[in-house]
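Architecture at a glance
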Amino acid sequence: MAAADFWALERTNRRETALLVGTFLALFTALGFGLDLLIGEVYFTDTGGLAGMPFLTGAALIVGIIQALASYYGGARLVLASVHARELTPDTQQHQTVLNVIQEMAVAAQMPVPRAYLIDDPAPNAFATGRDPAHSVICVTQGLVNTMDREELQGVIGHEMAHIRDYDIRTMMMIAVLVGGIAMLADFVYRWMWFGGPSARRRSNSEGGGSAGALIMVIVLLLAVLAPIFSQLLAMAVSREREYLADATSVEFTRNPRALLRALETIATVESPLRNASRGTAHLFIVNPLEGAREDKEGFLDNLLSTHPPLSRRIARLQALLAQTSTEGTASTQAASH
Amino acid sequence: MGLVIIIVIAALVVAAVGGYNSLVSLRNQVQNAWAQIDVQLKRRHDLIPNLIEAVKGYMQFERDTLTQVVEARAHAISAPDQASRVQAENQLTAGLGRLLAVMENYPQLKSDQTVLRLQEELTTTENQLSFARQAYNDLVMRLNTRIEVFPTNLIATQFGFHEVELLKAAPEDQAVPKVDLSLGTKQA
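Residues numbered from 1 in each chain as written. Chains lettered and ligands numbered in written order. Predicted model: local features only at pLDDT ≥ 70, side-chain atom pairs only at ≥ 80, totals over all residues. Heavy atoms only, no water.

So, on to the environment of Arg170 of chain A. All names here are of chain A. Its place among the elements puts Arg170 in helix α6 (residues 168-194). In this structure, the C-alpha to C-alpha distance between Arg170 and Ala316, residues 146 residues apart in sequence, is 28 Å. The residues touching Arg170, leaving out its near neighbours within four places in the chain, are Arg14, Thr17, Tyr72, Gly130, Arg131 and Asp132. (Helix = DSSP H or I, 4+ residues; strand = E, 2+ residues; numbered from the N terminus. Contact = heavy atoms within 4.5 Å.)

What follows is the structure, given as C-alpha cells:
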C-alpha cells in the first residue's frame, strides 16, 4: 500500500520537475527572442516571415540550460549557503544526538543517511534538500535542537525523511533555485533601478548609449513585472498537500503520532521568524519561516498565496490519526494518560 | 488461431517471470533488512561491557539489573540457533531498557562524560534496532502476502519460496516504551 503511493508520488515529482525546467527554459528563450526583436537582430519581413540571426535567443537558451544543470547539481549547496547553514558536527552531546536521530530515521525509512547541516538561529525549524536520496541533506536550526526532546526530534526528522523519499526535495529545490532565483534577481534589479542605479546617473551626465539605456530599462521593467508573478507561481507550485503527506509518512516511520504532534504544537507556540529565510526558500521548511506567515486561515486565496497549510490543520489531522490508532492499537493506554 | 495461442503463452511467461522476479527481490530485501538488524545487535554487544564498566562504580545497588544484562548478552552471543538467539536478544532488549531507566535515578551519572557518551550510543543503537526490526517485519509481511496471494502463490510453491516468521517483541519489551532519556519521567 505505502509502497505504491510512494512510487506515484515520485512519478508526480519527476513530472513536476520536468515541467518546471521546461517552463523555465521556455521563458528564458522567449526573453532572448524578445530582446532579439527589440535590437533588430531578428525582424519581420514584408511577407510576414522572420529573418535574421536570433543569436540572443540561442544565448538565452544556453544560459538557461547551464543554469538548470547548475541548479540540479549545485542547488543544495546554494540553498544551504543562502540560509547560512554549516555542516553539523558531533561537537556537543546535543549535536551528536541529532546525528544519531537522523541515522535512526534513515534505518526506519530504509534509506541512505542524509548529510546534516545546522543553522544558528533560535527559531525552531528544519528542512531537507538535495536531488535524490543518495544526495540529500537535512538541515535543522539550533532552536529546534534546543526545544525538542528525542521523540519530537524523531518526528521532525521523519517528516524531512518523507520529503526525501518522495523526491519532494528535488522539486522543491529546483523551485527554490530557478523560480526563487529569478524572483530574487528581479527584486535586486528593481531596487537597483530605483535607488541609485546606472539609469539615474546616466540621465544626468550622458548623451550617448541611448539604445543601451533603453534596453536596460526594458529588461528592468520586464523583470519587475515578472517578479511578483514568479513569487505567485512559486506559492502555487508548492502543493500544500505535501506537508500533510510528509506528516503522515513521518508517523509511518516512527509509529508515534504523539511526538510529532507535540513537536508541531511546540513550534506553533513560538512565533519567531528565521533570519536568513527568504521567499525563495520558505517553502522548503517544515513550518513557514517568514514573519507573520502563521495565520490560521485556509480560504481559497490563502491556498493560492501560502506555501504551507496552517499548523492548526496539521495538528488536527495528526490528532485524528492518533484517535484512529489508539482505538485499535496498543498505544491506547498511553494515549489516554496524556 | 496459432498466433493467439502463442500470444497467450508469451503473456503468461512474461507474467510468470515478473512474479518470480518480484519474489526474489522481496526475499533479498528481507535478507538485507535482517543484516541491518545484525549490525545493530553486534554494535550493542560491543557497547555493553564498556557501559557496565563505566556505571559499575556508581550503581552498587543495582547489581541485579547489571548482572541480568551481562547474562543476557552472554546468552545472546552463545545462542546455538536462531530461535533461542531471538529470545535471548529480546531479553537483552528488556534488560537494557530497565538499565537505562534505572540510570535516570543516578544524577551523578549525568556529570560523567564517558557514561553520557556511552548512554547516548546505546540509546541510538536500541532505537535503530527497533526501527530495523519494524522495517524487517514490514518487508516480511509483504513477502508473505506475495507468497500467499494468487497468482504468485503458484510460482512461490514451484520455486520453493517459504513464508518468513515475523520478529516478535518480548512481552516485557512492549511494556517498556522506546528508550527515551530526555523525558526521563516515563515509567515502564
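For the rest of this paragraph, the subject is the nonpolar core. All names here are of chain A. Grouped together as the largest cluster of nonpolar side chains are 59 residues, with contacts concentrated most on Val140 and Met161. Once residues within four sequence positions are removed from consideration, Val140 is found in contact with Val98, Tyr117, Leu118, Ile119, Asn125, Ala126, Val145 and Ile157. Val21, Tyr117, Met174 and Val179 belong to the second-largest nonpolar core, a separate cluster that totals 30 residues. (Core = buried A, V, L, I, M, F, W, Y, C linked by side-chain atoms within 4.5 Å. Buried < 20%, exposed > 50% of the residue type's maximum accessible area, 1.4 Å probe, protein only.)

So, about helix α3 (residues 82-103) of chain B. Here α3 of chain B spans 31 Å end to end across 22 residues, near enough to the 32 Å set by a 1.5 Å rise per residue. The opening residue of α3 of chain B, the one whose side-chain oxygen lies 3.1 Å from the backbone nitrogen of Ala83 of chain B, is Asp81 of chain B. (Expected span 1.5 Å × (residues − 1). Polar contact = N/O pair within 3.5 Å; in protein donor to acceptor, adjacent residues only side chain to side chain.)

Now for the interface of chain B and chain A. The interface is formed by 21 residues belonging to chain B together with 21 residues belonging to chain A. Taken together, the two surfaces of chain B and chain A that pack against each other cover about 1800 Å², and 44% of this comes from carbon and sulfur. Viewed at the interface, chain A and chain B are joined by two salt bridges. Here Asp138 of chain B and Arg255 of chain A are joined by a salt bridge, their closest N and O atoms 2.8 Å apart. (Buried area = accessible area lost by both parts, 1.4 Å probe. Salt bridge = Lys/Arg side-chain N within 4 Å of Asp/Glu carboxyl O.)

Here the focus is the packing of helix α1 (residues 2-56) of chain B against helix α4 (residues 113-148) of chain B. Residue and element names in this part refer to chain B. Following both chains from N to C, one finds α1 and α4 inclined at 160 degrees, their axes separated by 8 Å at the closest point. With respect to their mutual orientation, α1 and α4 come out roughly antiparallel. Remark: the crossing between α1 and α4 carries left-handed chirality. (Axes fitted to C-alpha atoms, helices over the stretch in contact; angles between N-to-C directions. Parallel < 35°, antiparallel > 145°, perpendicular 65-115°, else oblique. Left-handed = near helix turned anticlockwise from the far one by under 90°.)

A word on the pattern of salt bridges. All names here are of chain B. Tallying each qualifying case throughout the model produces 23 salt bridges over all chains. Across the pair Glu121 and Arg117 runs a salt bridge whose closest N-O atoms are separated by 3.6 Å. Residue Glu121 and its partner Arg117 are located together in helix α4, separated by four residues, close to a single helical turn.

One pass over the structure, following the stated rule, counts five aromatic pairs over all chains. Seen from their ring centres, Tyr72 of chain A and Tyr73 of chain A are 4.9 Å apart, and the 90 degrees between their planes marks the pair as edge-to-face. With relative accessibility at 22%, the residue Tyr72 of chain A sits in the partly exposed group. An angle of 75 degrees between the planes, with centres 5.9 Å apart, marks the rings of Tyr20 of chain B and Phe161 of chain B as edge-to-face. With Tyr20 of chain B in helix α1 and Phe161 of chain B in the loop between α5 (152-158) and α6 (171-175), this residue pair connects regions lying 141 residues apart in the sequence. A residue is classified by how much of its surface remains accessible, and Tyr20 of chain B, at 31% relative accessible area, is partly exposed. In this structure Phe161 of chain B comes out as buried when scored by relative accessible area, which is 6%. (Phe/Tyr/Trp six-rings, centres within 6.5 Å; stacked < 30°, edge-to-face > 60°.)

Residues and elements named next belong to chain A. Along its 28 residues, helix α2 (residues 55-82) runs just 33 Å from first to last C-alpha, ending more than 12% under the 40 Å computed at 1.5 Å per residue. Of all the bends in α2, the largest measures some 75 degrees and sits at Gly74. Within α2, burial applies to Thr57, Ala60, Gly64, Ala68, Ser71, Gly74, Gly75, Ala76, Val79 and Leu80. His84 sits one or two positions beyond α2 and adopts a positive phi of about 60 degrees. (Bend = angle between axes of the 7 residues up to and from the residue.)

This part is about the sheet that holds strand β5 (residues 126-130) of chain A. All names here are of chain A. Spatially, the four strands line up as an open sheet ordered β3-β4-β6-β5, and their pairing is mixed. Sheet topology places β3 (85-87) and β5 at the edges, where each strand pairs with a single neighbour. Each adjacent strand pair in this sheet contributes to an overall mean axis angle of 30 degrees, direction not counted. In this sheet, strand β6 (residues 136-141) lies alongside β5 in antiparallel orientation, the contact comprising five bridges. Pairing of Gly130 across the sheet is with Ser136, part of β6. Lying on the sheet, α2 is in contact with β3, β4 (115-119), β5 and β6; it crosses β5 at an angle near 150 degrees. Together, β5 and β6 form the strand contacts of helix α5 (residues 150-165), whose direction differs from that of β6 by roughly 150 degrees. (Pairing = 2+ DSSP bridges.)

Turning our attention to a nonpolar patch on the surface. All names here are of chain B. A contiguous nonpolar surface patch, about 510 Å² in accessible area, is contributed by Met1, Ile5, Ile9, Val13 and Val17. Within the secondary structure layout, Ile5 lies in helix α1. A relative accessible area of 44% places Ile5 in the partly exposed class. (Patch = residues over 30% accessible without salt bridge, like charges linked within 9 Å, V, L, I, M, F, W, Y side chains within 5 Å. Areas by Shrake-Rupley, 256 points an atom, 1.4 Å probe, with all protein chains shown as cover.)

Purely geometric numbers; function is a separate question.
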